[in-house]
Amino acid sequence: MSGQPSHPAAGSQALPTVQVAVASAMLAAGVQAILAAHGIRSAPDRDRPEADVLIVDDAWLADPDALGGHPALVALGSGVWATLLPDLSAGGWAALGADATPAELLAGVLGAAAGLAVLPPALLPPPPRKPRLTTCKTTILRVSHRAT
């Protein structure tokens, strides 16, 4: 044994590779360390010269069109990414907060690589409100229910 943790991929597919393109070198190192601990490598490497997933931060908001067409995108930072990424990514995407947990980061990368859209609950739109029944409508429903 090599001493490295074994992380079987879903099915027979290998884990995705990532390219981290964030403004802060410290953030980039942290993201890479978290993902490496789960067997996700940074590209390029000899087996995969291009990354499966590109990870960016709010620095890219100045020119988001430069991200267009990448197969999978993960954005860290502003919630505005949730409205931009569906049009920018050729496949899956994740919009995560700048304070995303390691579990959220891993879910975002794996979900985006699988072609899914990943959002934390705070970025989901609120569910539609159920219309309230008036007292009259409630009474009618009760009466009609009793009649059946």
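Structure's up top.
Once a new chain begins, its residue numbering starts again from 1 and follows that chain's sequence as written. The predicted origin of the model limits local features to residues at a pLDDT of at least 70 and limits the giving and counting of side-chain atom pairs to 80 or more, whereas totals for whole chains, interfaces and linings rest on all residues. Side-chain metrics in this entry use all non-hydrogen atoms of the structure; hydrogen atoms and water are not considered.

(A) The arrangement of the environment of Thr101 in detail. Position of Thr101 relative to the elements: it lies in the loop between strand E4 (92-96) and helix H3 (102-113). Take Thr101: its relative accessible area is 37%, and that puts it in the partly exposed class. Sequence separation between Thr101 and Ile34 is 67 residues; the distance between their C-alpha atoms is 9.7 Å. Numbering of helices and strands runs from the N terminus, with a helix taken as a DSSP run of H or I at least four residues long and a strand as a DSSP run of E at least two residues long. Summary of the burial criterion: residues with accessible area below 20% of their type's maximum are buried, those above 50% are exposed, and those between are partly exposed, where the area comes from a 1.4 Å probe applied to protein chains only.

(B) Focus on the side chain of His70. Position of His70 relative to the elements: it lies in the loop between strand E2 (53-57) and strand E3 (72-76). Sequence-distant contacts of His70, defined by excluding residues within four places in its chain, comprise Ala51, Asp52, Val53, Leu54, Leu88, Ser89, Ala90 and Gly91. We call two residues in contact when some of their heavy atoms are within 4.5 Å.

(C) Broad picture of the packing of helix H1 (residues 25-36) against H3. Remark: H1 packs on H3, axes separated minimally by 10 Å, with the N-to-C direction vectors making an angle of 75°. Between H1 and H3, the crossing angle belongs to the class labelled roughly perpendicular. The residues of H3 that touch H1, namely those facing Val31, Ile34 and Leu35, are Pro102, Leu105, Leu106 and Val109. For the contact of H1 with H3, a count of residues per class yields seven nonpolar, no polar and no charged. Lines fitted to C-alpha atoms define the axes, with helix axes restricted to the stretch in contact, and inter-axis angles between N-to-C directions lie between 0 and 180 degrees. In this scheme, roughly parallel covers angles under 35 degrees and roughly antiparallel covers those over 145, while 65 to 115 is roughly perpendicular and the rest are oblique. Each residue is assigned to one class: nonpolar for Ala, Val, Leu, Ile, Met, Phe, Trp, Tyr, Cys and Pro, charged for Asp, Glu, Lys and Arg, and polar for all the others, Gly among them.

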